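This is what each chain is made of:
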Amino acid sequence: MTETGEASENPSPRQVPLGADGEDLPEQVRVRRAKRERLLAEGRHPYPVTVARTTTLAEIRAAHPDLSPGDETDDVVGVAGRVVFQRNAGKLCFATIQEGDGIRLQVMLSLAGVGEEQLAAWKADVDLGDHVFVHGRVIASKRGELSVMADSWQIAAKALRPLPVLHKELSEEGRVRQRYVDLIVRPAARDVVRTRAGVVRSLRDSFHDRGFTEVETPMLQVLHGGAAARPFRTHMHAFDIDLYLRIAPELYLKRCVVGGIEKVFEINRNFRNEGADSTHSPEFAMIEAYEAYGSYDTVAVLTRELVQSAALAVHGDTVVALSDGTEYDFGGTWEEITLYGALSRAIGEEIGPGTSMERLSEFAGGLGVEVLPHYGPGKLAEELFEHLVVPTLFAPTFVRDYPEETSPLTRSHRSIPGVAEKWDLYVRSFELATGYSELVDPVVQRERFVAQSLLAAKGDIEAMRLDEDFLRAMEYGMPPSGGMGMGLDRLLMAITGLGIRETILFPLVKPE
RNA sequence: GGGCCUCUAGCUCAAUGGCAGAGCAGCGGACUUUUAAUCCGCGGGUUGUGGGUUCGAGCCCCACGGGGCCCA
């Protein structure tokens, strides 16, 4: 690590490492570095190993809920926190300190309490943003503010950069690039972290309650599979082979089901080498689950219950408050439509798996939907659906029975020719989850992979590759199964209304 | 990939083509009950980078880079 601050190759003026030549540093950083040096010179360490903290600020607030103005207690405590406000009068100094979860408490330092030397040192050494330790009695100030009246104090950790203005929001770029600062100054940023943790815990609880087993499957894969997406590629030197970061765990979770882990789930990261915008991140967390002797109907119920439980866990209600101030209702059972049925209603003409490429292309032309060379009628119908119907899907809606052509890992519908037993779940017009009756016939699966290879040859960079080991596993016999996948970041977006960059703690940003 | 907007002090933002400013933060001083403390005084800028037009550019033009929004 570069604690001593080696200069990087091309430091921008805003991000000069603190160990670099002092001349280029902002004035306030120079001042704080000088204070650090002075503390060291005086033998008062700016970064002590530890301080004698006895209680948290939250515990003090809980223990003394109703002191009257001017009350003093015999409760002697050692507290620590980051200084977020300072009000220094001549012989009496006030500061508001904040601990990690945002709880704040006032500390007071008086001439009578700490003596002339320590009071002068406080005024000279403490800056906004410093971590300080204060020892003293719990009191209420004359204005009734719960406080610790110091008998001694100590720097717990000196901050060398000034905090941003606490009364204005950081710019969006600042929030994302320096999330640690965002977390210090913006309570909503901390709330998102807790909400996300609550959702993940709720999901695991829901799975465990239903007898599912959690597994972790490879992220580095020799072949990428389980979804249609462009992968990240890397190289393993020991074997001298190219590897891919996984785009989905599906083919490994199915191997688990073959092996007898009949109810299995994974919550983990996927990587897709595509653009980044308000609903897409190159790395994103995914929930995937498989259930032997289930179908796309049983996993639809599972998915609804997962989402409803998560909403209950973080909002206490299936009607959730979104960040824009509106409410959204996840309650009850959810609407189900079929892809071809909804598309036919939108177009005003019966469309089905048998509708010709020519006819579909006519509609596409009229709507300005681009037809790429590798599109078949199924893919084009799906594109038309996304263009015409998806924007109207506000309430939670299961869209069922997708074209076989675009669903190479899904079994054909038990009674309707040309479509597969697959649904997508839409919430506020974005895709939240997908579910299948899994294709378990290894011969048909091989045929589907071969068809995908032909698409790849025609230039579809998202087409799937043939995975012989996966097919071998299928040939040992996979029980009839239902499977579902849901984006965790999107689930957060769905139940909070936030953008994906707010739900991910450290989203990828271009280097400065 | 295309279009539009944006980048100014540590932070958030101003500034008809004509002396680069404010609030908070900082530095010096006053103040023993403050709550974004107050009062007096003072510093702080390669206006994203590089070109160009102009007597004169933060502002106009071009290129590049970062960010945002919309479209594909």
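Residues numbered from 1 in each chain as written. Chains lettered and ligands numbered in written order. Predicted model: local features only at pLDDT ≥ 70, side-chain atom pairs only at ≥ 80, totals over all residues. Heavy atoms only, no water.

Engineer: For this particular structure, what's the right way to read the sheet that holds strand β17 (residues 430–437)?
Structural biologist: Paired through their backbone hydrogen bonds, the strands of a sheet run either parallel or antiparallel. On the basis of which strands lie adjacent, the open sheet formed by eight strands has the order β6-β10-β11-β18-β17-β16-β15-β14 and mixed pairing. This sheet does not close on itself; its edge strands, each paired only once, are β6 (213–214) and β14 (335–338). Taken together, the seven bridges between strand β11 (residues 283–292) and strand β18 (residues 481–487) define a ladder with antiparallel strand orientation. Within the sheet, the bridge partner assigned to Glu-288 lies in β18 and is Gly-485. (Pairing = 2+ DSSP bridges. Helix = DSSP H or I, 4+ residues; strand = E, 2+ residues; numbered from the N terminus.)

Engineer: Would you take a moment to explain the environment of Arg-411 for this structure?
Structural biologist: When you line up the elements, Arg-411 lands in the loop between β15 (397–403) and β16 (419–427). Judged by its relative accessible area of 34%, Arg-411 is partly exposed. If sequence neighbours within four positions are ignored, Arg-411 has contacts with Ala-420, Glu-421, Ser-437, Glu-438, Leu-439 and Val-440. (Buried < 20%, exposed > 50% of the residue type's maximum accessible area, 1.4 Å probe, protein only. Contact = heavy atoms within 4.5 Å.)

Engineer: I tried to follow the protein's contact with RNA strand B on my own but got confused; where do I start?
Structural biologist: As a matter of local geometry, RNA strand B sits amid 37 residues, with Glu-27, Arg-87, Ser-141, Arg-143 and Val-165 nearest to it. Among all atoms of RNA strand B positioned within 4 Å of the protein, those belonging to sugar or phosphate total 54%. One of the backbone N or O atoms of Lys-91 is found 3.1 Å from a phosphate oxygen in RNA strand B. One of the side-chain N or O atoms of Glu-145 is found 3.3 Å from a base nitrogen in RNA strand B. Every element with two or more residues in the surface near RNA strand B is listed here: α1 (27–41), β1 (72–88), β2 (92–98), β3 (104–110), α3 (111–125) and α4 (172–177). Looking at side-chain class alone, the surface near RNA strand B contains 14 nonpolar, eight polar and 15 charged residues. (Near = heavy atom within 4 Å. Polar contact = N/O pair within 3.5 Å; in protein donor to acceptor, adjacent residues only side chain to side chain. Nonpolar A, V, L, I, M, F, W, Y, C, P; charged D, E, K, R; others polar.)

Engineer: Would you mind showing me how to read the pattern of salt bridges here?
Structural biologist: Side chains that carry opposite charge are capable of pairing whenever their charged atoms lie near each other. Counted according to the given criterion, the structure contains 39 salt bridges. Across the pair Lys-158 and Asp-130 runs a salt bridge, and its minimum N-O distance is 2.6 Å. Of this pair, Lys-158 sits in the loop between β5 (146–157) and α4 while Asp-130 sits in the loop between α3 and β4 (131–140), placing them 28 residues apart in sequence. The exposure class of Asp-130 is buried, given its relative accessible area of 0%. (Salt bridge = Lys/Arg side-chain N within 4 Å of Asp/Glu carboxyl O.)

Engineer: Explain the packing of aromatic side chains to me, please; I cannot follow it from the model alone.
Structural biologist: In this description, a pair of aromatic rings is defined by centroid distance and the angle of the planes. Evaluated as defined, the whole model comprises nine aromatic pairs. Measuring from centroid to centroid gives 5.3 Å for Tyr-328 and Phe-394, while their planes differ by 70°, and the two rings are edge-to-face. A residue pair is termed long-range when its members are at least 10 positions apart, and Tyr-328 in strand β13 (residues 327–329) and Phe-394 in the loop between α11 (377–388) and β15 qualify at 66 residues. Across the ring face of Tyr-252, the terminal group of Arg-255 is positioned such that the distance to the ring centre comes to 4.3 Å. Stacked on the ring of Tyr-296, the Lys or Arg Arg-400 has its end atom at 4.3 Å from the ring centre. (Phe/Tyr/Trp six-rings, centres within 6.5 Å; stacked < 30°, edge-to-face > 60°. Lys NZ or Arg CZ within 6 Å of the ring centre and 35° of its normal.)

Engineer: Teacher, can you tell me more about the nonpolar core here?
Structural biologist: The nonpolar side chains of a soluble globular protein tend to be buried with one another. Of all hydrophobic cores here, the largest spans 40 residues; its most connected members are Leu-203, Phe-330, Trp-423, Met-486, Leu-488 and Leu-491. Contributing elements (two or more residues each) for this core: α6 (187–209), β10 (263–271), β11, α8 (296–315), β16, β17, β18 and α14 (488–496). Broken down by element, this core gets its largest block of residues, eight residues, from α8. Leu-57, Ile-60, Val-83 and Leu-146 belong to the second-largest nonpolar core, a separate cluster that totals 25 residues. (Core = buried A, V, L, I, M, F, W, Y, C linked by side-chain atoms within 4.5 Å.)

Worth remembering: the numbers are spatial, not functional.
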